[in-house]
Amino acid sequence: GEGNFSFAAALCGARATHVVATCYESEEEAAGRGGAARSIRRLRDSGAEVVFSVDCTKLREHFVPGKREFDRIYFNFPHCGRKAGVVKNRQLLAGFFHSCAEVLAQEGEVHVALCNGQGGTPADQPRREWHNSWQVVAVAAAAGFILSHVHPFNAETIEGYKCTGYRSQDKSFCVEGALNHIFTRSTAPMCFTPMSCQTQLGSQKVSFQVPQVLVDKINRGFLEVNSSHPVRTIKEKLSAGLSQAFPLQNISSCLPLLQQGHPGGVCHSNIFWITLSPGEAPGTEKMSQGRADAVLCSHFGQDTDGNVQEGCPDPKQFYLRPSLLPHAQAIIKKGAFSPGTLQVLSGPVFRKCRIAPHSMPAFHEMLLVLAVSRGTENSCVQMLVENIKTTMNSLHQGVSGVKPSISLQEAASFGTELSDFAAFERQLGEIQHFLCVGTEPEPRGSCVGVIRTAPGELKSQELVVVSASLNLDLLAMLLCGISDWRMLWTWDRRFLRQFPEGELRLFKSFSLYPPSYVHDVSFWLPDGQDFDEVAFHTLARRVSGEMVVSIQLRDDFQQPGTGRRSLCCRVTFQSCDRALGCREAAEMQLHLREEIQQHLGVTLR
């Protein structure tokens, strides 16, 4: 897309290894522009290639895919020519990006310089209305590209460069406030097939079908020894700090993913119920008849989202662990517990929850358990919390230089306004304190952990159990400045590259200003049934592959006379780490409509 080849000539004289300069016009037409002939001679003298009559939307016709892959492709101030409107210029960019995808190296970059306001991103100052911009990020997303960097296009720093081609004339574009947009390839959409998983259940290994929404979160190994993931680094740093104050024992190995029975006090809709693979159920000779019936029933009593289905006497038998607390309680009951020694359990846990920025269907829990002498539990809690505070302050200052506000809040002071994490923890049992981490302007911050004291857990009258449950994923988000929990689970290698050898750093997003797409869905509820919000959100997670960032109730209508109830929900699709185009989002919305009709029994409007 060169006008007078002055940019390519500047590149050739600067740092580029090999330059290929192209323009849409013929050589005769291009050479007639001011200074073009001189730049073309300079390029050829430097060993660069100069190619004419190249359509930027058909690059493969000039550069054979597989034989010629470019590390960088530059397109400065693209324009259809003359008085083309925003729609035509979007179409030009769409064709250009699709064409780039065929001739760009895997780790390559596409640089697009646009006049101030054209891109339609928050980097533009002032920012145009979306419909009046070129929507460059959404257009690139449709071709599999994400915006990774934006910086000013400083024309005056490019030696010999003269912008030209405004409205197909030998005139300059207005480059004041212009921006260079740097796009990179996105990871491809993940196609997750049904997955079975093995785990220990008592003395036997069993297999089970993983709920589809969790297929990409099972067995990721973030806490394993060779992992450099931030959640492991934080766990190791906290363990090292706690070992300075308490004898410490790690007992996290081989903790089963499945639990049996029913978690007391926990809402059924927050649990991922599990189907055991046929023939994998524990032997019935070791079980009561009632338990054997429940296991048999589990083969057809649960769907692919881990929802309990009707028509089964008692399918609530096996479920993915929502907490490590029952494992600690089992260890206490067995007597395999040393008073005064801090027991550390860690691993992923799974909870159905609504879609919200800090609500996670899977996260890594670190559970600290300590048996102390009765009457000393309050001082031990303070010692435990102070140690966690010291470690967290040290980690946070090392990452950002800002001291966080870490506080212990009385459980009673929280009232009913709780995050999904805190609300679920309250279902698991009485809580004495919430551990909160925040920075200005919200010093109270987010709840990242809970403190419990359980005087009845031990048979001994002299000892009391103190436990602290920490959400390592929330801690990683707060410490590393990660705004979206989904980024912790990304398959894009650029995430872990920012944390070499377990070093904590402030995270820099490699996908800037991702486009969002809003769709509404209206439906009648089945007569006499309440709306299961968590089931609806779980379906949205599964159908979109975690591409839904919010679901808002827009309207709740009850029809006079019949009493039928209708809801309208606004669903917003947005990815944090990969390209999501408007067509793909629309397909997800259509799929969601089909799924809620099939699984929730609603009637679409």
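Below: a short report on this structure. Small disclaimer: the values here were computed from a predicted structure and weren't measured.

The rules behind each value
- Residues numbered from 1 in each chain as written.
- Predicted model: local features only at pLDDT ≥ 70, side-chain atom pairs only at ≥ 80, totals over all residues.
- Heavy atoms only, no water.
- Axes fitted to C-alpha atoms, helices over the stretch in contact; angles between N-to-C directions.
- Helix = DSSP H or I, 4+ residues; strand = E, 2+ residues; numbered from the N terminus.
- Parallel < 35°, antiparallel > 145°, perpendicular 65-115°, else oblique.
- Contact = heavy atoms within 4.5 Å.
- Nonpolar A, V, L, I, M, F, W, Y, C, P; charged D, E, K, R; others polar.
- Buried < 20%, exposed > 50% of the residue type's maximum accessible area, 1.4 Å probe, protein only.
- Pairing = 2+ DSSP bridges.
- Salt bridge = Lys/Arg side-chain N within 4 Å of Asp/Glu carboxyl O.
- Core = buried A, V, L, I, M, F, W, Y, C linked by side-chain atoms within 4.5 Å.
- Expected span 1.5 Å × (residues − 1).
- Arc of directions from axis to C-beta.

**Some words on the packing of helix α6 (residues 230–242) against helix α11 (residues 472–480)**
And then number 1: Look at α6 against α11: their axes get within 9 Å of each other, and the N-to-C directions meet at 100 degrees. Compared by their axis directions, α6 and α11 come out roughly perpendicular. From α6, P230, V231, I234, K235 and L238 reach across to α11, where they touch L472, D473, L475, A476, L479 and C480.
And then number 2: Across the contact of α6 with α11, the residue classes tally to nine nonpolar, no polar and two charged.

**Focus: the pairing of strand β14 (residues 362–373)**
Here is the key point about a regular strand: its side chains alternate between the two faces of the sheet.
And then number 1: A large share of β14 lies buried, amounting to 11 of its 12 residues.
And then number 2: Bridge count for strand β13 (residues 342–350) against β14 is eight bridges, and the pairing is antiparallel. Within the sheet, the bridge partner assigned to F350 lies in β14 and is A362.
And then number 3: Pairing of β14 with strand β18 (residues 463–471), which is carried by nine bridges, proceeds in the antiparallel orientation. Paired with L368 across the strands is A468, a residue of β18.

**Description of the pairing of strand β7 (residues 196–201)**
And then number 1: Residues C197, T199 and L201 of β7 are buried on one face, while the alternating residues S196, Q198 and Q200, pointing to the opposite face, are not.
And then number 2: Pairing between β7 and strand β8 (residues 204–209): six bridges, direction antiparallel. Bridging from a neighbouring strand, Q198 pairs with S207 of β8.
And then number 3: Once β7 ends, the chain turns through two residues before running back antiparallel as β8, passing G202 with a positive phi of about 70 degrees.

**Side note on the pattern of salt bridges**
And then number 1: Under the counting rule described, the total for this entry stands at 20 salt bridges.
And then number 2: Between D420 and R354 there is a salt bridge; the shortest N-O distance is 2.6 Å. Highlighted residues: D420 in helix α10 (residues 420–428) and R354 in the loop between β13 and β14, separated in sequence by 66 residues.
And then number 3: Classification of R354 by relative accessible area gives partly exposed; the value is 34%.
And then number 4: As a salt-bridge pair, R505 and E503 come within 3.2 Å of each other at their nearest N and O atoms.
And then number 5: On the basis of relative accessible area, R505 is assigned to the partly exposed category, the value being 36%.
And then number 6: Judged by relative accessible area, which is 38%, E503 ranks as partly exposed.
And then number 7: In the salt-bridge network here, residues are joined through shared partners; they are D216, K217, R541 and E546.

**Some thoughts on the sheet that holds strand β9 (residues 248–250)**
And then number 1: Taken together, the seven strands give an open sheet; going across it, the order is β9-β13-β14-β18-β17-β16-β15, and neighbouring strands pair in mixed fashion. Across the chains shown, the open sheet's two edge strands, defined by having one partner strand only, are β9 and β15 (405–410). Adjacent strand axes in the sheet meet at a mean angle of 25 degrees, parallel and antiparallel pairs treated alike.
And then number 2: Here strand β16 (residues 433–438) pairs with strand β17 (residues 446–454) via five bridges, running antiparallel. Considered in β17, the bridge of H433 is made with I451.
And then number 3: The sheet strands contacting helix α9 (residues 377–400) are β13, β14, β15, β16, β17 and β18, and the helix crosses β15 at an angle near 155 degrees.
And then number 4: Along the sheet, α10 makes contact with β14, β16, β17 and β18, crossing β17 at roughly 10 degrees.

**Concerning the nonpolar core**
And then number 1: Ranked by internal contacts, the top residues of the largest apolar core, which has 93 residues, are F208, L214, L320, L345, L368, F434 and L475.
And then number 2: A per-element tally of this core places β14 first, with nine residues.
And then number 3: Apart from the residues lying within four places of it in its own chain, the contact partners of L475 are I234, L238, M392, V437, V448 and L470.

**Considerations on the sheet that holds strand β3 (residues 70–76)**
As a general point, the strands of a sheet are linked pairwise by backbone hydrogen bonds and lie either parallel or antiparallel.
And then number 1: Taken together, four strands build an open sheet; the order of strands is β3-β4-β6-β5 and the sheet is mixed. Each edge of the sheet is formed by a strand with only one pairing partner; in this case those strands are β3 and β5 (145–152). Between one strand and the next, the sheet's axes are offset by a mean angle of 20 degrees, whatever the strand orientation.
And then number 2: By the bridge criterion, six bridges tie β3 to strand β4 (residues 104–114) in an arrangement that is parallel. Within β4, the position partnered with I73 by the bridge is V110.

**Remarks on helix α14 (residues 582–600)**
And then number 1: For α14, built from 19 residues, the straight-helix expectation of 27 Å at 1.5 Å per residue is met to within 8% by its first-to-last C-alpha distance of 26 Å.
And then number 2: Among the residues making up α14, those that are buried are A585, M588, Q589, L592, E595 and I596. Angular distribution of buried residues about the axis of α14 spans 130 degrees; they occupy a single face of the element. Across α14 from its buried face, at more than 90 degrees, point the exposed residues R583, L590, E594 and Q598.
And then number 3: Those residues of α14 hidden inside the fold are in contact with β19 (517–524), α13 (533–544), β21 (565–573) and β22 (603–604).
And then number 4: G601, located one to two residues past α14, shows a positive phi value of around 70 degrees.

**Observations concerning the side chain of D420**
And then number 1: D420 gets classed as buried once you look at its relative accessible area, which sits at 18%.
And then number 2: Not counting the four nearest positions on each side in its chain, D420 is found in contact with C353, R354 and S359.

**Observations concerning α10**
And then number 1: What α10 keeps buried is the set D420, F421, A422, F424 and E425.
And then number 2: Positioned one or two residues after α10, G429 has a phi angle of 155 degrees, which is positive.

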